[in-house]
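Each chain is listed here by its residues.
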Amino acid sequence: MASLDCSAEQLAQLLGPNTTAAAAFICNKFSDVNNKFTDTNYAVDNTYLLFSAYLVFAMQLGFAMLCAGSVRAKNTMNIMLTNVLDAATGGLFYYLFGFAFAFGSPSNGFIGKHFFALKSIPTRLFDYSNFIYQWAFAIAAAGITSGSIAERTQFVAYLIYSSFLTGFVYPVVSHWFWSADGWASAANTGNLLFRSGVIDFAGSGVVHMVGGIAGLWGALIEGPRIGRFDHSGRSLALRGHSSTLVVLGTFLLWFGWYGFNPGSFLKISGTYAGGGNYYGTWSAVGRTAVTTTLAGCTAALTTLFGKRFLSGHWNVTDVCNGLLGGFAAITSGCSVVDPWAAIICGFVAAVVLVSCNKLAEKLKFDDPLEAAQLHGGCGAWGIIFTALFAKEEYVNQVYPGKPGRPYGLFMGGGGRLLAAHVIQILVITGWVSATMGTLFYILHKLKLLRISPEDEMAGMDLTRHGGFAYIYHDDDESNKHPFELRKIEPAAPTTILTTN
(Lines give C-alpha, C1' and ligand atoms only; values in the text may rest on other atoms or scores of the structure.)
Protein backbone atom coordinates (compact mmCIF):
# COMPACT_ATOMS: atom_id res chain seq x y z
CA MET A 1 0.00 0.00 0.00
CA ALA A 2 1.39 3.45 -0.96
CA SER A 3 2.28 5.70 1.95
CA LEU A 4 0.27 8.88 2.57
CA ASP A 5 2.40 12.04 2.81
CA CYS A 6 1.62 15.20 4.75
CA SER A 7 3.74 18.38 4.74
CA ALA A 8 3.21 20.90 7.55
CA GLU A 9 4.54 23.71 5.35
CA GLN A 10 2.04 22.99 2.58
CA LEU A 11 -0.81 22.59 5.03
CA ALA A 12 0.06 25.90 6.77
CA GLN A 13 -0.30 27.71 3.47
CA LEU A 14 -3.84 26.41 3.17
CA LEU A 15 -4.79 27.23 6.76
CA GLY A 16 -3.42 30.76 6.69
CA PRO A 17 -0.83 32.67 8.73
CA ASN A 18 0.20 31.69 12.27
CA THR A 19 -1.03 28.12 11.84
CA THR A 20 2.28 26.27 11.56
CA ALA A 21 1.84 24.53 14.92
CA ALA A 22 -1.69 23.42 14.04
CA ALA A 23 -0.52 22.16 10.66
CA ALA A 24 2.29 20.17 12.29
CA PHE A 25 -0.16 18.68 14.80
CA ILE A 26 -2.57 17.63 12.01
CA CYS A 27 0.25 16.09 9.97
CA ASN A 28 1.51 14.13 12.97
CA LYS A 29 -1.95 12.69 13.51
CA PHE A 30 -2.19 12.00 9.80
CA SER A 31 1.13 10.12 9.95
CA ASP A 32 -0.11 8.08 12.92
CA VAL A 33 -3.18 7.04 10.95
CA ASN A 34 -1.00 6.17 7.96
CA ASN A 35 1.23 3.99 10.17
CA LYS A 36 -1.83 2.20 11.49
CA PHE A 37 -2.93 1.43 7.94
CA THR A 38 0.56 0.14 7.15
CA ASP A 39 0.55 -2.05 10.25
CA THR A 40 -2.88 -3.39 9.34
CA ASN A 41 -1.66 -4.16 5.83
CA TYR A 42 1.23 -6.25 7.20
CA ALA A 43 -1.08 -7.98 9.66
CA VAL A 44 -3.61 -8.90 6.98
CA ASP A 45 -0.94 -10.27 4.65
CA ASN A 46 0.78 -12.28 7.40
CA THR A 47 -2.53 -13.67 8.62
CA TYR A 48 -3.37 -14.74 5.08
CA LEU A 49 0.04 -16.39 4.73
CA LEU A 50 -0.28 -18.22 8.05
CA PHE A 51 -3.75 -19.46 7.13
CA SER A 52 -2.39 -20.71 3.80
CA ALA A 53 0.49 -22.41 5.64
CA TYR A 54 -1.99 -24.25 7.85
CA LEU A 55 -3.86 -25.45 4.77
CA VAL A 56 -0.66 -26.71 3.15
CA PHE A 57 0.37 -28.44 6.36
CA ALA A 58 -3.04 -30.13 6.48
CA MET A 59 -2.02 -31.80 3.21
CA GLN A 60 0.27 -34.00 5.32
CA LEU A 61 -2.84 -35.64 6.73
CA GLY A 62 -4.03 -36.10 3.16
CA PHE A 63 -0.73 -37.70 2.18
CA ALA A 64 -0.93 -39.98 5.21
CA MET A 65 -4.47 -41.17 4.41
CA LEU A 66 -3.70 -41.57 0.71
CA CYS A 67 -0.54 -43.56 1.43
CA ALA A 68 -2.24 -45.72 4.06
CA GLY A 69 -5.10 -46.62 1.75
CA SER A 70 -2.78 -47.35 -1.19
CA VAL A 71 -0.62 -49.94 0.60
CA ARG A 72 -1.58 -53.35 1.93
CA ALA A 73 -2.90 -53.56 5.48
CA LYS A 74 0.26 -55.22 6.75
CA ASN A 75 2.29 -52.05 6.05
CA THR A 76 -0.17 -49.39 7.23
CA MET A 77 1.58 -48.48 10.48
CA ASN A 78 4.91 -48.20 8.68
CA ILE A 79 3.72 -45.77 6.03
CA MET A 80 1.82 -43.67 8.56
CA LEU A 81 4.93 -43.35 10.73
CA THR A 82 7.05 -42.28 7.76
CA ASN A 83 4.58 -39.49 7.02
CA VAL A 84 4.79 -38.24 10.58
CA LEU A 85 8.58 -38.30 10.49
CA ASP A 86 8.72 -36.49 7.14
CA ALA A 87 7.14 -33.54 8.92
CA ALA A 88 9.22 -33.89 12.09
CA THR A 89 12.67 -34.35 10.55
CA GLY A 90 11.81 -31.86 7.82
CA GLY A 91 10.90 -29.27 10.44
CA LEU A 92 14.24 -29.53 12.21
CA PHE A 93 16.47 -29.67 9.13
CA TYR A 94 14.57 -26.95 7.27
CA TYR A 95 14.93 -24.74 10.35
CA LEU A 96 18.67 -25.37 10.66
CA PHE A 97 19.68 -25.30 6.98
CA GLY A 98 16.87 -25.47 4.45
CA PHE A 99 15.32 -22.02 4.78
CA ALA A 100 18.77 -20.41 4.66
CA PHE A 101 19.81 -22.35 1.55
CA ALA A 102 16.53 -21.42 -0.13
CA PHE A 103 15.95 -17.77 0.80
CA GLY A 104 19.11 -16.58 2.59
CA SER A 105 19.52 -13.30 0.72
CA PRO A 106 21.72 -11.57 -0.31
CA SER A 107 23.51 -14.51 -1.86
CA ASN A 108 24.67 -15.98 -5.15
CA GLY A 109 22.49 -17.55 -7.83
CA PHE A 110 23.10 -21.14 -6.66
CA ILE A 111 22.44 -21.24 -2.91
CA GLY A 112 21.43 -18.94 -0.05
CA LYS A 113 23.84 -18.16 2.77
CA HIS A 114 21.90 -16.31 5.50
CA PHE A 115 19.14 -17.06 8.05
CA PHE A 116 20.57 -20.35 9.36
CA ALA A 117 18.38 -21.39 12.30
CA LEU A 118 16.29 -18.30 11.45
CA LYS A 119 19.04 -15.94 12.60
CA SER A 120 18.10 -12.29 11.91
CA ILE A 121 14.44 -13.18 11.28
CA PRO A 122 12.15 -11.22 11.11
CA THR A 123 13.30 -8.72 8.48
CA ARG A 124 11.50 -6.34 6.17
CA LEU A 125 11.11 -9.13 3.60
CA PHE A 126 10.73 -12.25 5.76
CA ASP A 127 8.76 -13.00 8.89
CA TYR A 128 8.26 -16.25 10.80
CA SER A 129 5.15 -16.91 8.75
CA ASN A 130 7.33 -17.25 5.64
CA PHE A 131 9.31 -20.02 7.31
CA ILE A 132 6.19 -21.96 8.30
CA TYR A 133 4.76 -21.69 4.81
CA GLN A 134 7.97 -22.75 3.04
CA TRP A 135 8.54 -25.60 5.51
CA ALA A 136 5.11 -26.99 4.66
CA PHE A 137 6.17 -27.04 1.00
CA ALA A 138 9.47 -28.78 1.78
CA ILE A 139 7.84 -31.64 3.67
CA ALA A 140 5.30 -32.02 0.85
CA ALA A 141 8.20 -32.88 -1.49
CA ALA A 142 9.48 -35.46 1.00
CA GLY A 143 5.99 -36.95 1.34
CA ILE A 144 5.82 -37.49 -2.42
CA THR A 145 9.02 -39.52 -2.36
CA SER A 146 7.89 -41.74 0.50
CA GLY A 147 4.98 -43.03 -1.57
CA SER A 148 7.23 -44.28 -4.37
CA ILE A 149 9.34 -46.48 -2.09
CA ALA A 150 6.58 -47.71 0.19
CA GLU A 151 6.25 -51.31 1.50
CA ARG A 152 9.89 -52.31 1.08
CA THR A 153 12.18 -49.61 2.53
CA GLN A 154 14.11 -49.72 5.77
CA PHE A 155 13.07 -47.19 8.36
CA VAL A 156 16.57 -45.70 8.70
CA ALA A 157 16.57 -44.96 4.96
CA TYR A 158 13.43 -42.85 5.37
CA LEU A 159 15.11 -40.77 8.07
CA ILE A 160 18.26 -40.22 6.01
CA TYR A 161 16.63 -39.31 2.71
CA SER A 162 13.99 -37.08 4.31
CA SER A 163 16.62 -35.07 6.17
CA PHE A 164 18.81 -34.71 3.08
CA LEU A 165 15.92 -33.77 0.79
CA THR A 166 14.36 -31.13 3.05
CA GLY A 167 17.65 -29.77 4.36
CA PHE A 168 19.60 -29.48 1.10
CA VAL A 169 18.27 -30.87 -2.20
CA TYR A 170 14.86 -29.17 -2.24
CA PRO A 171 16.06 -25.82 -0.78
CA VAL A 172 18.69 -25.43 -3.50
CA VAL A 173 16.07 -25.93 -6.21
CA SER A 174 13.67 -23.49 -4.57
CA HIS A 175 16.51 -20.94 -4.38
CA TRP A 176 17.12 -21.24 -8.12
CA PHE A 177 13.51 -20.56 -9.09
CA TRP A 178 11.89 -18.67 -6.19
CA SER A 179 14.55 -16.58 -4.49
CA ALA A 180 15.17 -13.03 -5.71
CA ASP A 181 18.82 -14.06 -6.16
CA GLY A 182 18.16 -17.34 -8.01
CA TRP A 183 19.83 -17.70 -11.39
CA ALA A 184 16.56 -18.73 -13.09
CA SER A 185 14.06 -16.94 -10.85
CA ALA A 186 11.37 -14.75 -12.39
CA ALA A 187 11.88 -12.44 -9.39
CA ASN A 188 15.52 -11.80 -10.31
CA THR A 189 14.70 -8.84 -12.54
CA GLY A 190 18.34 -7.82 -12.87
CA ASN A 191 19.43 -11.06 -14.52
CA LEU A 192 16.50 -12.93 -16.06
CA LEU A 193 17.09 -16.24 -17.84
CA PHE A 194 16.17 -15.63 -21.51
CA ARG A 195 14.80 -12.24 -20.35
CA SER A 196 11.87 -14.05 -18.72
CA GLY A 197 13.03 -16.28 -15.90
CA VAL A 198 11.07 -19.38 -14.94
CA ILE A 199 7.41 -18.97 -14.00
CA ASP A 200 6.87 -21.88 -11.62
CA PHE A 201 4.42 -20.08 -9.39
CA ALA A 202 3.60 -22.74 -6.78
CA GLY A 203 5.97 -25.53 -7.72
CA SER A 204 5.07 -28.02 -10.47
CA GLY A 205 8.83 -28.28 -10.88
CA VAL A 206 10.21 -27.08 -7.55
CA VAL A 207 8.00 -29.33 -5.42
CA HIS A 208 6.37 -31.99 -7.58
CA MET A 209 9.18 -32.81 -9.99
CA VAL A 210 11.73 -32.82 -7.16
CA GLY A 211 9.67 -35.26 -5.09
CA GLY A 212 8.69 -37.35 -8.11
CA ILE A 213 12.21 -37.75 -9.51
CA ALA A 214 13.61 -38.55 -6.06
CA GLY A 215 10.95 -41.25 -5.74
CA LEU A 216 11.76 -42.50 -9.24
CA TRP A 217 15.37 -43.14 -8.32
CA GLY A 218 14.49 -44.72 -4.99
CA ALA A 219 12.04 -47.14 -6.60
CA LEU A 220 14.39 -47.95 -9.48
CA ILE A 221 17.33 -48.76 -7.21
CA GLU A 222 15.20 -50.79 -4.80
CA GLY A 223 13.37 -52.71 -7.49
CA PRO A 224 9.72 -53.79 -7.47
CA ARG A 225 7.91 -55.31 -4.51
CA ILE A 226 7.83 -59.09 -4.24
CA GLY A 227 4.89 -60.36 -6.25
CA ARG A 228 4.40 -57.22 -8.34
CA PHE A 229 5.54 -59.02 -11.49
CA ASP A 230 5.49 -62.76 -12.07
CA HIS A 231 8.32 -64.86 -13.50
CA SER A 232 7.22 -64.15 -17.05
CA GLY A 233 7.21 -60.40 -16.40
CA ARG A 234 3.43 -60.07 -16.35
CA SER A 235 2.10 -57.30 -14.11
CA LEU A 236 0.16 -58.38 -11.04
CA ALA A 237 -1.91 -55.91 -9.06
CA LEU A 238 -0.97 -55.41 -5.41
CA ARG A 239 -3.97 -53.33 -4.51
CA GLY A 240 -4.14 -51.02 -1.54
CA HIS A 241 -6.34 -52.17 1.29
CA SER A 242 -8.72 -49.19 1.64
CA SER A 243 -10.34 -47.12 -1.09
CA THR A 244 -12.05 -45.22 1.72
CA LEU A 245 -8.73 -43.87 2.98
CA VAL A 246 -7.64 -43.06 -0.58
CA VAL A 247 -10.75 -40.93 -1.16
CA LEU A 248 -10.43 -39.27 2.26
CA GLY A 249 -6.79 -38.43 1.57
CA THR A 250 -7.63 -37.07 -1.87
CA PHE A 251 -10.25 -34.68 -0.51
CA LEU A 252 -7.87 -33.49 2.20
CA LEU A 253 -5.21 -32.82 -0.43
CA TRP A 254 -7.77 -31.01 -2.58
CA PHE A 255 -8.66 -28.83 0.41
CA GLY A 256 -5.00 -28.12 1.14
CA TRP A 257 -4.27 -27.19 -2.46
CA TYR A 258 -6.23 -23.98 -1.91
CA GLY A 259 -3.41 -22.96 0.40
CA PHE A 260 -0.75 -24.40 -1.88
CA ASN A 261 -1.64 -22.46 -5.04
CA PRO A 262 -3.55 -19.30 -4.04
CA GLY A 263 -1.39 -18.98 -0.92
CA SER A 264 1.76 -18.71 -3.05
CA PHE A 265 0.98 -15.04 -3.63
CA LEU A 266 2.22 -14.68 -0.01
CA LYS A 267 -0.09 -11.68 0.41
CA ILE A 268 -3.62 -10.65 -0.48
CA SER A 269 -3.87 -6.87 -0.02
CA GLY A 270 -1.99 -5.58 -3.06
CA THR A 271 -3.60 -3.51 -5.81
CA TYR A 272 -3.00 -3.59 -9.56
CA ALA A 273 -2.53 -0.45 -11.63
CA GLY A 274 -5.67 0.48 -13.54
CA GLY A 275 -7.74 -2.14 -11.77
CA GLY A 276 -9.86 0.19 -9.68
CA ASN A 277 -10.83 -0.51 -6.09
CA TYR A 278 -12.38 -3.86 -6.91
CA TYR A 279 -9.43 -5.54 -8.66
CA GLY A 280 -6.18 -6.48 -6.98
CA THR A 281 -4.21 -9.38 -5.57
CA TRP A 282 -7.39 -10.70 -3.96
CA SER A 283 -8.88 -11.13 -7.45
CA ALA A 284 -5.80 -12.99 -8.68
CA VAL A 285 -6.04 -15.22 -5.59
CA GLY A 286 -9.63 -16.06 -6.50
CA ARG A 287 -8.72 -16.71 -10.13
CA THR A 288 -5.92 -19.03 -9.01
CA ALA A 289 -8.38 -21.03 -6.92
CA VAL A 290 -10.66 -21.31 -9.98
CA THR A 291 -7.91 -22.54 -12.32
CA THR A 292 -6.76 -25.04 -9.70
CA THR A 293 -10.29 -26.40 -9.33
CA LEU A 294 -10.97 -26.68 -13.06
CA ALA A 295 -7.70 -28.46 -13.82
CA GLY A 296 -8.29 -31.07 -11.12
CA CYS A 297 -11.92 -31.64 -12.07
CA THR A 298 -11.11 -32.03 -15.77
CA ALA A 299 -8.28 -34.46 -15.06
CA ALA A 300 -10.54 -36.54 -12.80
CA LEU A 301 -13.27 -36.88 -15.42
CA THR A 302 -10.80 -37.56 -18.22
CA THR A 303 -9.19 -40.32 -16.16
CA LEU A 304 -12.60 -41.76 -15.27
CA PHE A 305 -13.72 -42.23 -18.85
CA GLY A 306 -10.25 -43.04 -20.15
CA LYS A 307 -9.73 -45.88 -17.69
CA ARG A 308 -13.29 -47.09 -18.31
CA PHE A 309 -12.43 -47.36 -22.00
CA LEU A 310 -9.09 -49.08 -21.36
CA SER A 311 -10.01 -51.45 -18.54
CA GLY A 312 -13.79 -51.64 -18.50
CA HIS A 313 -14.07 -50.45 -14.88
CA TRP A 314 -15.07 -47.27 -13.05
CA ASN A 315 -12.08 -47.18 -10.69
CA VAL A 316 -12.19 -44.69 -7.82
CA THR A 317 -8.44 -44.94 -7.09
CA ASP A 318 -7.57 -44.07 -10.67
CA VAL A 319 -9.93 -41.10 -10.58
CA CYS A 320 -8.33 -39.83 -7.37
CA ASN A 321 -4.86 -40.07 -8.90
CA GLY A 322 -6.07 -38.32 -12.04
CA LEU A 323 -7.49 -35.49 -9.95
CA LEU A 324 -4.19 -35.06 -8.13
CA GLY A 325 -2.31 -35.17 -11.43
CA GLY A 326 -4.37 -32.24 -12.67
CA PHE A 327 -3.54 -30.30 -9.51
CA ALA A 328 0.18 -31.07 -9.83
CA ALA A 329 0.16 -29.82 -13.42
CA ILE A 330 -1.72 -26.55 -12.88
CA THR A 331 0.46 -25.63 -9.88
CA SER A 332 3.06 -23.97 -12.10
CA GLY A 333 0.82 -21.67 -14.10
CA CYS A 334 -2.25 -21.36 -11.88
CA SER A 335 -1.81 -17.60 -11.39
CA VAL A 336 -1.02 -16.59 -14.98
CA VAL A 337 -3.52 -18.53 -17.12
CA ASP A 338 -7.21 -18.13 -17.85
CA PRO A 339 -9.75 -20.65 -16.51
CA TRP A 340 -10.39 -22.09 -19.98
CA ALA A 341 -6.68 -22.91 -20.31
CA ALA A 342 -6.79 -24.79 -16.99
CA ILE A 343 -9.28 -27.21 -18.57
CA ILE A 344 -6.73 -28.00 -21.29
CA CYS A 345 -4.08 -28.46 -18.61
CA GLY A 346 -6.21 -30.98 -16.70
CA PHE A 347 -7.15 -32.95 -19.80
CA VAL A 348 -3.55 -33.38 -20.96
CA ALA A 349 -2.39 -34.13 -17.40
CA ALA A 350 -4.74 -37.12 -17.28
CA VAL A 351 -3.39 -38.39 -20.60
CA VAL A 352 0.18 -37.93 -19.35
CA LEU A 353 -0.56 -39.87 -16.15
CA VAL A 354 -2.23 -42.79 -17.91
CA SER A 355 0.63 -42.93 -20.45
CA CYS A 356 3.30 -42.82 -17.75
CA ASN A 357 1.58 -45.64 -15.89
CA LYS A 358 1.50 -47.77 -19.05
CA LEU A 359 5.19 -47.09 -19.62
CA ALA A 360 6.04 -47.92 -16.01
CA GLU A 361 4.24 -51.24 -16.32
CA LYS A 362 6.16 -52.15 -19.47
CA LEU A 363 9.47 -51.24 -17.82
CA LYS A 364 8.54 -53.21 -14.66
CA PHE A 365 8.76 -50.08 -12.54
CA ASP A 366 6.86 -50.37 -9.27
CA ASP A 367 5.53 -47.28 -7.52
CA PRO A 368 2.68 -48.15 -5.10
CA LEU A 369 1.20 -44.64 -5.23
CA GLU A 370 2.12 -43.75 -8.82
CA ALA A 371 3.96 -40.81 -7.24
CA ALA A 372 6.82 -40.63 -9.74
CA GLN A 373 4.43 -40.75 -12.68
CA LEU A 374 1.91 -38.36 -11.13
CA HIS A 375 4.19 -35.73 -9.65
CA GLY A 376 7.13 -36.14 -12.00
CA GLY A 377 5.25 -36.62 -15.27
CA CYS A 378 2.33 -34.27 -14.64
CA GLY A 379 4.64 -31.74 -12.99
CA ALA A 380 6.81 -31.63 -16.12
CA TRP A 381 3.72 -31.17 -18.29
CA GLY A 382 2.60 -28.31 -16.05
CA ILE A 383 5.89 -26.49 -16.64
CA ILE A 384 5.49 -26.81 -20.41
CA PHE A 385 1.82 -25.83 -20.20
CA THR A 386 2.69 -22.56 -18.41
CA ALA A 387 5.18 -21.66 -21.13
CA LEU A 388 2.45 -22.14 -23.74
CA PHE A 389 -0.58 -20.48 -22.12
CA ALA A 390 0.70 -17.76 -19.74
CA LYS A 391 -1.24 -14.56 -20.39
CA GLU A 392 0.66 -11.27 -20.77
CA GLU A 393 -1.63 -9.27 -18.48
CA TYR A 394 -1.41 -11.77 -15.64
CA VAL A 395 2.34 -12.24 -16.01
CA ASN A 396 2.96 -8.50 -15.65
CA GLN A 397 0.67 -8.30 -12.62
CA VAL A 398 2.07 -11.31 -10.76
CA TYR A 399 5.70 -10.58 -11.74
CA PRO A 400 6.00 -6.75 -11.83
CA GLY A 401 9.15 -4.70 -12.25
CA LYS A 402 10.13 -5.86 -15.74
CA PRO A 403 7.93 -4.49 -18.55
CA GLY A 404 7.85 -6.46 -21.78
CA ARG A 405 8.51 -9.78 -20.10
CA PRO A 406 7.97 -12.83 -22.40
CA TYR A 407 4.79 -14.84 -21.88
CA GLY A 408 3.07 -17.92 -23.34
CA LEU A 409 3.98 -19.11 -26.82
CA PHE A 410 0.37 -19.81 -27.82
CA MET A 411 -0.67 -16.41 -26.45
CA GLY A 412 1.72 -14.54 -28.77
CA GLY A 413 4.60 -14.16 -26.33
CA GLY A 414 7.32 -15.94 -28.30
CA GLY A 415 9.46 -18.89 -27.30
CA ARG A 416 11.74 -17.41 -24.65
CA LEU A 417 9.58 -18.55 -21.73
CA LEU A 418 9.35 -22.04 -23.24
CA ALA A 419 13.15 -22.18 -23.56
CA ALA A 420 13.53 -21.19 -19.90
CA HIS A 421 11.08 -23.87 -18.83
CA VAL A 422 12.81 -26.60 -20.83
CA ILE A 423 15.99 -25.61 -18.99
CA GLN A 424 14.12 -25.92 -15.71
CA ILE A 425 13.01 -29.48 -16.46
CA LEU A 426 16.54 -30.48 -17.44
CA VAL A 427 18.32 -28.95 -14.45
CA ILE A 428 15.82 -30.31 -11.90
CA THR A 429 16.12 -33.76 -13.42
CA GLY A 430 19.92 -33.56 -13.39
CA TRP A 431 20.23 -32.09 -9.88
CA VAL A 432 17.83 -34.51 -8.19
CA SER A 433 19.30 -37.47 -10.07
CA ALA A 434 22.84 -36.51 -9.05
CA THR A 435 21.96 -35.97 -5.39
CA MET A 436 19.08 -38.27 -4.48
CA GLY A 437 20.04 -40.97 -6.97
CA THR A 438 23.52 -41.07 -5.48
CA LEU A 439 22.15 -41.15 -1.94
CA PHE A 440 19.79 -44.05 -2.66
CA TYR A 441 22.61 -45.95 -4.41
CA ILE A 442 24.93 -45.49 -1.41
CA LEU A 443 22.18 -46.68 0.96
CA HIS A 444 21.64 -49.67 -1.30
CA LYS A 445 25.33 -50.59 -1.27
CA LEU A 446 25.44 -50.23 2.51
CA LYS A 447 22.38 -52.52 2.75
CA LEU A 448 20.41 -49.76 4.45
CA LEU A 449 17.76 -49.32 1.78
CA ARG A 450 15.60 -52.41 1.28
CA ILE A 451 14.25 -54.74 3.94
CA SER A 452 14.74 -58.50 3.79
CA PRO A 453 12.38 -60.66 1.73
CA GLU A 454 11.12 -62.32 4.91
CA ASP A 455 10.17 -58.97 6.45
CA GLU A 456 8.57 -57.86 3.21
CA MET A 457 6.39 -60.95 3.00
CA ALA A 458 5.34 -60.75 6.64
CA GLY A 459 4.75 -57.00 6.53
CA MET A 460 6.71 -54.27 8.27
CA ASP A 461 3.98 -53.56 10.81
CA LEU A 462 4.60 -56.94 12.40
CA THR A 463 8.37 -57.22 11.92
CA ARG A 464 9.45 -53.62 12.50
CA HIS A 465 6.70 -51.86 14.46
CA GLY A 466 5.49 -54.43 16.98
CA GLY A 467 2.10 -55.33 15.56
CA PHE A 468 -0.56 -54.63 12.98
CA ALA A 469 -2.35 -51.32 12.56
CA TYR A 470 -5.75 -53.00 12.79
CA ILE A 471 -7.12 -55.30 15.51
CA TYR A 472 -9.19 -58.03 13.96
CA HIS A 473 -10.04 -59.84 17.23
CA ASP A 474 -10.01 -59.22 20.97
CA ASP A 475 -7.13 -60.98 22.71
CA ASP A 476 -8.51 -60.24 26.19
CA GLU A 477 -10.55 -63.28 27.24
CA SER A 478 -12.20 -61.35 30.12
CA ASN A 479 -13.96 -59.02 27.68
CA LYS A 480 -15.58 -61.74 25.64
CA HIS A 481 -19.32 -62.18 25.95
CA PRO A 482 -20.31 -65.48 27.62
CA PHE A 483 -22.49 -66.28 24.66
CA GLU A 484 -20.69 -66.37 21.34
CA LEU A 485 -21.84 -67.33 17.91
CA ARG A 486 -19.84 -70.21 16.61
CA LYS A 487 -19.59 -71.56 13.14
CA ILE A 488 -21.53 -74.78 12.81
CA GLU A 489 -19.73 -77.32 10.69
CA PRO A 490 -21.85 -79.64 8.54
CA ALA A 491 -22.29 -83.01 10.10
CA ALA A 492 -20.42 -85.92 8.62
CA PRO A 493 -22.56 -88.14 6.39
CA THR A 494 -24.09 -91.06 8.26
CA THR A 495 -23.56 -94.53 6.90
CA ILE A 496 -26.52 -96.88 7.40
CA LEU A 497 -25.59 -100.52 7.61
CA THR A 498 -28.14 -103.02 6.46
CA THR A 499 -28.11 -106.77 6.80
CA ASN A 500 -29.60 -109.20 4.50
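Residues numbered from 1 in each chain as written. Predicted model: local features only at pLDDT ≥ 70, side-chain atom pairs only at ≥ 80, totals over all residues. Heavy atoms only, no water.

(A) Representation of the state of the cysteines within the structure. All told, the structure shown has zero disulfides when counted by the stated rule. Counting only cysteine sulfurs, cysteine 345 is the nearest neighbor of cysteine 334, a cysteine outside any disulfide, at a range of 9.6 Å. According to the relative accessible area criterion, cysteine 334 is buried, its value standing at 0%. (Disulfide = S-S within 2.5 Å. Buried < 20%, exposed > 50% of the residue type's maximum accessible area, 1.4 Å probe, protein only.)

(B) Representation of the environment of serine 107 within the structure. Mapped onto the secondary structure, serine 107 falls in the loop between helix H3 (76-103) and helix H4 (128-148). Its relative accessible area of 18% is what places serine 107 among the buried residues. For the pair serine 107 and alanine 180, spaced 73 residues apart in sequence, the C-alpha to C-alpha distance is 9.3 Å. Sequence-distant contacts of serine 107, defined by excluding residues within four places in its chain, comprise Gly112, Lys113, His175 and Asp181. A distance of 3.5 Å separates a polar atom in the side chain of serine 107 from the backbone oxygen of glycine 104. (Helix = DSSP H or I, 4+ residues; strand = E, 2+ residues; numbered from the N terminus. Contact = heavy atoms within 4.5 Å. Polar contact = N/O pair within 3.5 Å; in protein donor to acceptor, adjacent residues only side chain to side chain.)

(C) Molecular detail of the pattern of salt bridges. Inspection of every chain in the model, using the stated rule, returns 11 salt bridges. A salt bridge links glutamate 151 to arginine 72; the nearest nitrogen and oxygen atoms lie 3.1 Å apart. With glutamate 151 in the loop between H4 and helix H5 (155-178) and arginine 72 in the loop between helix H2 (20-70) and H3, this pair connects stretches of sequence that are 79 residues apart. Taking the relative accessible area as the measure of exposure, glutamate 151 reaches 1% and is therefore buried. Arginine 464 serves as the salt-bridge partner of aspartate 455, at 2.9 Å between the closest nitrogen and oxygen. For aspartate 455, a relative accessible area of 16% translates into the label buried. Assessed through its relative accessible area of 37%, arginine 464 is described here as partly exposed. Taken together, the shared-partner salt bridges in this structure form one network comprising Arg72, Glu151, Arg225, Arg228 and Asp366. (Salt bridge = Lys/Arg side-chain N within 4 Å of Asp/Glu carboxyl O.)

(D) Representation of unusual backbone geometry in the model. In this chain, serine 105 is followed by proline 106 through a cis amide linkage whose omega measures 0 degrees. Note the cis peptide between isoleucine 121 and proline 122, where omega equals 10 degrees. Here phenylalanine 115, not a glycine, exhibits a phi torsion of approximately 70 degrees, which is positive. One can find phenylalanine 115 in the loop between H3 and H4. Positive phi values are uncommon outside glycine, yet lysine 364 reaches one of about 60 degrees. Locating lysine 364 in the fold gives a position in the loop between helix H10 (339-362) and helix H11 (371-389).

(E) Expanded view of the packing of H3 against H4. It is the contact of H3 with H4, at a shortest axis distance of 8 Å, that shows an interaxial angle of 130 degrees. Taken together, the axis directions place H3 and H4 in an arrangement best described as oblique. The interaxial crossing formed by H3 with H4 has right-handed handedness. Facing Ile79, Asp86, Ala87, Gly90, Gly91, Tyr94, Tyr95, Phe99 and Phe103 of H3, the residues of H4 in contact are Asn130, Phe131, Gln134, Trp135, Ala138, Ile139, Ala142, Gly143 and Ser146. (Axes fitted to C-alpha atoms, helices over the stretch in contact; angles between N-to-C directions. Parallel < 35°, antiparallel > 145°, perpendicular 65-115°, else oblique. Left-handed = near helix turned anticlockwise from the far one by under 90°.)

(F) Molecular detail of the environment of methionine 59. Of note, methionine 59 is situated in helix H2. For methionine 59, a relative accessible area of 2% gives the class buried. For methionine 59 and phenylalanine 255, which are 196 residues apart along the polypeptide, the C-alpha to C-alpha distance reads 7.8 Å. Apart from the residues lying within four places of it in its own chain, the contact partners of methionine 59 are Leu253, Gly256, Trp257 and Phe260.

(G) Expanded view of the packing of aromatic side chains. A complete count under the given rule lists 38 aromatic pairs for this structure. Feature note: the residues Phe93, Phe97, Phe101, Phe110, Phe116, Phe164, Phe168, Trp176, Phe177, Trp183 and Trp431 constitute an aromatic cluster, connected by ring pairs. The residue whose ring lies beneath arginine 228 is phenylalanine 229, and the NZ or CZ to ring-centre distance is 4.9 Å. (Phe/Tyr/Trp six-rings, centres within 6.5 Å; stacked < 30°, edge-to-face > 60°. Lys NZ or Arg CZ within 6 Å of the ring centre and 35° of its normal.)

(H) Region of interest: the environment of arginine 287. Residue position: arginine 287 is located in helix H8 (residues 281-311). When the C-alpha atoms of arginine 287 and aspartate 338 are compared, they prove to be 8.0 Å apart, with 51 residues separating the residues in sequence.

(I) Region of interest: the side chain of aspartate 367. Within the element layout of this structure, aspartate 367 appears in the loop between H10 and H11. Summary of buried charges: aspartate 367 has no salt-bridge partner, and the nearest side chain of opposite charge, arginine 152, is 6.7 Å away. Of note is the side chain of aspartate 367, whose polar atom sits 3.0 Å from the backbone nitrogen of alanine 371. A polar contact is formed between the side chain of aspartate 367 and the backbone nitrogen of alanine 372, at a distance of 2.8 Å. Not counting residues up to four positions away in its chain, the partners in contact with aspartate 367 are Gly147, Ser148, Ala372 and Gln373. (Lys, Arg positive; Asp, Glu negative; His and termini not counted.)

(J) Layout of a nonpolar patch on the surface. Judged by side-chain polarity, Leu92, Tyr95, Leu96, Phe97 and Phe116 come together as a nonpolar surface patch covering roughly 410 Å² of accessible area. Within the fold, tyrosine 95 resides in helix H3. By relative accessible area, tyrosine 95 is classed as partly exposed at 32%. (Patch = residues over 30% accessible without salt bridge, like charges linked within 9 Å, V, L, I, M, F, W, Y side chains within 5 Å. Areas by Shrake-Rupley, 256 points an atom, 1.4 Å probe, with all protein chains shown as cover.)

(K) Focus on the confidence of the model for the chain. Of all residues in the chain, 87% attain a pLDDT of 70 or more, and the chain-wide mean is 89. Predicted confidence is poor over residues 476-488, with pLDDT under 50, and the contacts of this stretch with residues over four places away or in other chains come to two contacts. With pLDDT under 50 throughout, residues 496-500 is counted as low confidence; its partners more than four residues away or in other chains account for zero contacts. (pLDDT = per-residue confidence, 0-100.)

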